[in-house]
Amino acid sequence: MAGRNGRTVRDLRRGNRTAVLQRLYFDGPLSRFELGPATGLSSGSVSNVVADLIADGLVEEAGSVDSDGGRPRTLLRVAPGSGHMIGVDVGETRVRVELFDLTLTELARTERPLAAQGYDVDVITEHVRDGIAEVLTAAGPAPERLLGVGIGVPGIVEHTPDRGAVVHGQTIGWDAVPLESLLRAGSRLPDGVPYFIDNGARTLGQAEMWFGAGRGAGNAIVVLFGSGVGACLVTPEVEQGRAVEWGHLTVRVRGRRCRCGALGCLEAYAGAESLLARWREEGGCPPEGTDEETALTAMLAAAHPPEGTGADPVALAVLEETAEYLGAGLSDLINLFQPERILIGGWAGLQLGSRFLPAVRRHAASYALRHPAEQVTIDLGRLGPDAVTVGAAILPLADFFARGGRRADPEPRTEPPAWQAALAERGPRAY
């Protein structure tokens, strides 16, 4: 039976379970007494919901605290082992797969390195399947406790009713790749386990907004800086975050050729792949036979050697120019969206940021309009190189919350997927 606003009794119960679960998840442990004002529910509703969640194994007791003149109050928390999520980062240098419990504690991980230009679709799908099987074998959770597999990928992700998630990755040679269908075709998981596939910059942004340096911000941009560059925009109008192809903003007319085929993209100057290429073109000596992460580490070491050792002037000049390009690129984001925070993440962003963040801030301020530049802070993300896998694991977690702690039933795909709305409606910003 539906009320005047169209919500049924089932919808109300699900909403009440969601409210209690989220409060315990982000603010717990809490007592039943504290859950009332925290959720806006009556004491009777809290008692009923808590009883249901305990019966379902989702909530457990976590000690007690003294009350004012009465009996000690029992504390409650989300039971860590009541659900598991897998997060996958299809990155530029490796495929990383991690298994988490419900509180996002890592239980197992594995990595599959990628050769240069190693984005062969069959190779990637096999790495993902094998990685999932390996972490499940290592930790051994019951299949029915797996809430889903979240995957962060490079490129634009389209969700279709017939083929699920389809990836348009122009810079990696993926043209409408039906990644979800390919993974399901050879999956060793039960049919009912859902896949949640999204852009890697967006999963990074979601992780930083829920658990990292973006927590509490209403308007933020999270930058993913690796072989290429991308960004995730989070505003009051786009609370679930929106991936933006920031790396393909034109910063130089008739400039360098980008991986996408266009001329003068920011990625052609600021991405790690192009940064190392520019060092080589200017006469530098990147180490041969190494991956990009190792080569970038060597470049930073050459530009900033130990005391008493001469710096490589070519490496230093290229890095300083890259800091200016990054600052100029950030200034466009500042002028367009006027964020209160910009966070830099990704393996290359974290490496470069430790040395060049002051220069990036200085250049961003010099290229941006004065007023929005004075309102923004530019910092590094806090979650480290695992942020994309954490953010990918958040996708099934958000869906689980939106369902009130019920597991997803197999259903036809819709546009947009239910979990995208869940990130917007049930995000932690209010906490």
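Predicted model only: the values in this text are computed from it and were never measured. (Residues numbered from 1 in each chain as written. Predicted model: local features only at pLDDT ≥ 70, side-chain atom pairs only at ≥ 80, totals over all residues. Heavy atoms only, no water.)

Attention now moves to the sheet that holds strand 3 (residues 73-78). In space, the three strands of this open sheet follow the order 1-3-2, with antiparallel pairing throughout. The open sheet terminates on both sides in strands that have one partner only, identified here as strand 1 (30-31) and strand 2 (59-65). Note that strand 1 and strand 3 share two bridges and pair antiparallel. Pairing of L30 across the sheet is with L76, part of strand 3. The sheet contacts of helix 1 (residues 9-27) involve strand 1, strand 2 and strand 3, and relative to strand 3 the element is tilted by about 90°. (Pairing = 2+ DSSP bridges. Helix = DSSP H or I, 4+ residues; strand = E, 2+ residues; numbered from the N terminus. Contact = heavy atoms within 4.5 Å. Axes fitted to C-alpha atoms, helices over the stretch in contact; angles between N-to-C directions.)

This part covers the layout of surface pockets. Counted as a void, the largest pocket has a volume near 670 Å³. Together, 41 residues line the largest pocket, and E92, V153, P154, G155 and L224 are the ones closest to its centre. Of all elements in the fold, only strand 4 (84-90), strand 5 (94-101), strand 7 (146-153), strand 9 (164-169), helix 6 (200-211), strand 13 (229-235), strand 14 (238-244) and helix 13 (387-402) reach the threshold of two or more residues within the lining of the largest pocket. (1 Å grid on protein atoms, 1.4 Å probe; cavity = no way out; pocket = protein on both sides within 12 Å on 5 of 7 lines; lining within 4 Å. Points joined across faces, edges and corners; volume = space filled by probe spheres on them.)

Cis geometry marks the peptide bond from G28 to P29; its omega dihedral reads 0°. The residue P29 is located in the loop between helix 1 and strand 1 in this model. You will see that R254, though not glycine, has its phi angle at about 55°, which is positive. Positionally, R254 belongs in the loop between strand 14 and helix 7 (267-270). A positive phi is found at Q338, a non-glycine position, where the angle reads about 45°. Residue placement: Q338 occurs in the loop between helix 10 (313-337) and strand 15 (341-345).

A separate point is empty space enclosed by the protein. Over the atoms rolls a probe the size of a water molecule, and in doing so it shows where empty space is left. Scanning the entire structure with this criterion turns up four cavities of 30 Å³ or more. Put simply, the largest cavity is a space of about 90 Å³. Elements represented by at least two residues in the lining of the largest cavity include exactly helix 10 and helix 11 (347-367). By residue number, the principal contributor to the lining of the largest cavity is helix 11, which donates six residues.

We now examine helix 8 (residues 272-281). Residues spaced three or four apart along an α-helix face the same direction, because each turn holds 3.6 residues. Among the 10 residues in helix 8, seven count as buried, and that is most of the element. Inspection of helix 8 places A272, S274, L275, L276, A277, R278 and W279 among the buried residues, and these make up the whole buried set. Buried positions along helix 8 lie against strand 12 (220-225), helix 7, helix 9 (292-303), helix 10 and helix 11. Phi turns positive, to about 100°, at G283, one or two residues after helix 8. (Buried < 20%, exposed > 50% of the residue type's maximum accessible area, 1.4 Å probe, protein only.)

Before going further, it helps to spend a moment on the side chain of S274. Within the element layout of this structure, S274 appears in helix 8. Within the local environment of S274, its side chain forms a polar contact with the backbone oxygen of E267, the two atoms lying 2.9 Å apart. Aside from chain neighbours lying at most four places away, what touches S274 is R256, E267, A268 and Y269. (Polar contact = N/O pair within 3.5 Å; in protein donor to acceptor, adjacent residues only side chain to side chain.)

This brings us to the packing of aromatic side chains. Within this structure, the stated rule accounts for eight aromatic pairs. Each ring, one from Y25 and one from F401, has its centre 5.1 Å from the other, and the planes form 75°; the classification is edge-to-face. Of this pair, Y25 sits in helix 1 while F401 sits in helix 13, and the two are 376 residues apart along the sequence. Judged by its relative accessible area of 13%, Y25 is buried. Pairwise contacts between aromatic rings join Y25, F26, W210, F211 and F401 into one cluster. One Lys or Arg, R73, reaches over the ring of F33 and ends 3.9 Å from the middle of that ring. (Phe/Tyr/Trp six-rings, centres within 6.5 Å; stacked < 30°, edge-to-face > 60°. Lys NZ or Arg CZ within 6 Å of the ring centre and 35° of its normal.)

Further remarks concern the environment of S47. On the secondary structure map, S47 appears in helix 3 (residues 43-55). Residue classification places S47 among the partly exposed positions, given a relative accessible area of 35%.

Time to look at the environment of V244. Summarising the element assignment, V244 is placed in strand 14. Given the relative accessible area of 18%, V244 is considered buried. For the pair V244 and L233, spaced 11 residues apart in sequence, the C-alpha to C-alpha distance is 6.9 Å. Excluding residues that lie within four positions of it along the chain, V244 makes contacts with G230, A231 and L233.

The next subject is the confidence of the model for the protein chain. With 90% of its residues at a pLDDT of 70 or more, the protein chain shows a mean pLDDT of 86. Here residues 424-431 is a poorly scored stretch, pLDDT under 50, and it has 27 contacts once near neighbours within four places are set aside; other chains count. (pLDDT = per-residue confidence, 0-100.)

A separate point is the pattern of salt bridges. Taken as a whole, this structure holds 27 salt bridges when the rule is applied. The salt bridge partner of R94 is E111, with a shortest N-O separation of 2.9 Å. Note that R94 is positioned in strand 5 and E111 in strand 6 (residues 106-113), a separation of 17 residues in sequence. For E126, the salt bridge goes to R129, with nearest N and O atoms at 3.0 Å. Remark: R129 and E126 occur in helix 4 (residues 121-139); sequence separation between them is three residues, near one turn of the helix. By relative accessible area, E126 is classed as partly exposed at 32%. Each member of the salt-bridge network shares a partner with another, and the members are D89, R94, R96, E98, E106, R109, E111, D291, E293 and D386. (Salt bridge = Lys/Arg side-chain N within 4 Å of Asp/Glu carboxyl O.)

So, about the sheet that holds strand 10 (residues 174-177). Taking strand neighbours across the sheet as the criterion, the three strands line up as 8-9-10 in an open arrangement whose pairing is antiparallel. In this open sheet, the two edge strands, each paired with only one partner strand, are strand 8 (156-160) and strand 10. Across the sheet, the mean angle separating the axes of adjacent strands is 20° when strand polarity is ignored.

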